[in-house]
Amino acid sequence: MGAPPDEGDEDFAKLLAEYDRKPRRRDPQVGELVRGRVASIGRDAVFIDLGAKSEAMIDASELRDADGRLPVKVGDVVEGRVVEIGGKAGCIVLRRAMGRGPDAAAELAQAFALGVPVEGVVGAVNKGGVDVQVAGTRGFCPISQLDLRHVDDASAFVGKRLTFRITRLEKGNLVLSRKALLEEEERARAASTRARLAVGAILRGKVTSVKDYGAFVDLGGIEGMLHVSELGFARVAHPSEMLAPGQEIEVQVLKIDKTGDARRPEKISLSLKSLAEDPWAKVPERFPEGARATGKVTRVEPFGAFVELAPGVEGLVHVSELGGGRRVHHAREVVKPGAALEVVVLGVEPERRRLSLGLAGAREDGDDAPAAAPAAPVKLGTLGDLFNKRKR
């Protein structure tokens, strides 16, 4: 009888059988954009498992950073476009960008046919766009195709190495678009974001623009609106006091409305305020009845002045408390916005978010006591009474 099978051999046989039984997708077609996980890394190539019948490979030089380092490791997801089936070592060959090797000029036609991006350096700004050098060939990128949003000054792009898609290639006429690639990336990010998008979800985003009424935030290929009233509990005159374009913030999704617009299928309302602690929760402890505090006048009305005692906490000094005994028709006769006032808390209604305030100094002086009754007028009498008094 032969020797019994080794347990390790049996385990390997089981794994191999499971792998063979595992359903494999069809091999992708030339020109298709694919994603897969790094299976192994060689000296000159990175091998990628696409879940297909054949393994894919991509030249390691395409994945190296500016310092020549290879930032990917086994298990990382890599994206590329199929340029060849059954190429080197019988693998599917992927490229991330074309037009940067020794045969770059010859690759332009293939890149155009397959939709593979090319790299180029932005040169001079001319009428309507910028010149771009791609593999020794002069190309042109219209200003409208340089970025996702309108570009006012294209000179900021001069000297930069960027990735473009060829939109036209005929008789040496090379027309490029960077916007097409950015839109493709944005659609991919949007699909990922939509998978996490729900009312109440907390997402990290980047401020794209600041307006009088609020700010727009990129959540990852999808923009949401952060209204000025949702910036926080404290009163804000303009969103620019808190936010700036490019700033990264964490927001909560308040509302999602379907629009019926294919380009922007949802309208998303966001909030910073919902993630902050409500300052009114501690008002009864911080500002109980009788407490004294110094605050700033935020606005004045005919009926009184609003005073901010803490961010998001305002109280009202009624106009009857401002006059010091004299009649006041409007609070602005006594105080102005921005003025500091020392006040005393007269009443607390946290459930209604109300504080009644009085002027601390006036109450110390006793100005809130009832006014004394005026003395009775002296009676002078008649002219006859005066003569009779002189006779006596």
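Presented here is a report on the structure given in the accompanying data block. Because the structure is predicted, anything quoted here is derived from the model rather than measured.

Quick notes on the rules
- Residues numbered from 1 in each chain as written.
- Predicted model: local features only at pLDDT ≥ 70, side-chain atom pairs only at ≥ 80, totals over all residues.
- Heavy atoms only, no water.
- Helix = DSSP H or I, 4+ residues; strand = E, 2+ residues; numbered from the N terminus.
- Polar contact = N/O pair within 3.5 Å; in protein donor to acceptor, adjacent residues only side chain to side chain.
- Phe/Tyr/Trp six-rings, centres within 6.5 Å; stacked < 30°, edge-to-face > 60°.
- Buried < 20%, exposed > 50% of the residue type's maximum accessible area, 1.4 Å probe, protein only.
- Pairing = 2+ DSSP bridges.
- Axes fitted to C-alpha atoms, helices over the stretch in contact; angles between N-to-C directions.
- Contact = heavy atoms within 4.5 Å.
- Expected span 1.5 Å × (residues − 1).

Structural notes on the environment of Ser240
Then comes step 1: Following the sequence through the fold, Ser240 ends up in the loop between strand 13 (223–227) and strand 14 (248–258).
Then comes step 2: Residues Ser240 and Val228, spaced 12 residues apart in sequence, show a C-alpha to C-alpha distance of 9.9 Å.
Then comes step 3: Polar side-chain contacts of Ser240 include one of 2.8 Å to the side chain of His238.

A look at the packing of aromatic side chains
Then comes step 1: Here the structure, examined in full by the defined rule, presents two aromatic pairs.
Then comes step 2: Their ring planes at 90 degrees and their centres at 6.4 Å tell us that Tyr213 and Phe216 sit as a pair that is edge-to-face.
Then comes step 3: Overall, Tyr213 belongs to the partly exposed group, its relative accessible area being 41%.
Then comes step 4: Each ring, one from Phe303 and one from Phe306, has its centre 6.1 Å from the other, and the planes form 90 degrees; the classification is edge-to-face.

Considering the sheet that holds strand 8 (residues 137–142)
Then comes step 1: With respect to topology, five strands assemble into a closed barrel ordered 6-7-8-10-9, the strand pairing being mixed. Direction aside, neighbouring strands of the sheet carry axes that sit 50 degrees apart on average.
Then comes step 2: Helix 3 (residues 179–194) contacts strand 9 (161–170) and strand 10 (173–177) of the sheet and is inclined by roughly 115 degrees relative to strand 9.

Overview of the sheet that holds strand 13
Then comes step 1: What the five strands build is a closed barrel, ordered 11-12-13-15-14; its pairing is mixed. Averaged over all pairs of adjacent strands, the angle between their axes in this sheet comes to 50 degrees, without regard to strand direction.

A word on helix 3
Then comes step 1: Between its first and last C-alpha atoms helix 3 spans 22 Å; for 16 residues at 1.5 Å apiece the expected length is 22 Å, and the two agree.
Then comes step 2: Those residues of helix 3 that are buried lie in contact with strand 9.

So, the pairing of strand 7 (residues 129–134)
The side chains of a regular strand alternate between the sheet's two faces.
Then comes step 1: Of all six residues making up strand 7, five are buried, and the element is well covered by its neighbours.
Then comes step 2: Where strand 6 (residues 118–126) meets strand 7, four bridges bridge the pair, whose relative direction is antiparallel. Paired with Val125 across the strands is Val130, a residue of strand 7.
Then comes step 3: Counted between consecutive antiparallel strands, the loop separating strand 6 from strand 7 contains two residues, among which Gly128 sits at a positive phi close to 90 degrees.
Then comes step 4: Examined bridge by bridge, strand 7 and strand 8 share six bridges and lie antiparallel to one another. Bridge pairing in strand 8 links Val130 to Cys141.
Then comes step 5: As consecutive antiparallel partners, strand 7 and strand 8 are separated by two residues, and within that stretch Ala135 has a phi angle of approximately 50 degrees, a positive value.

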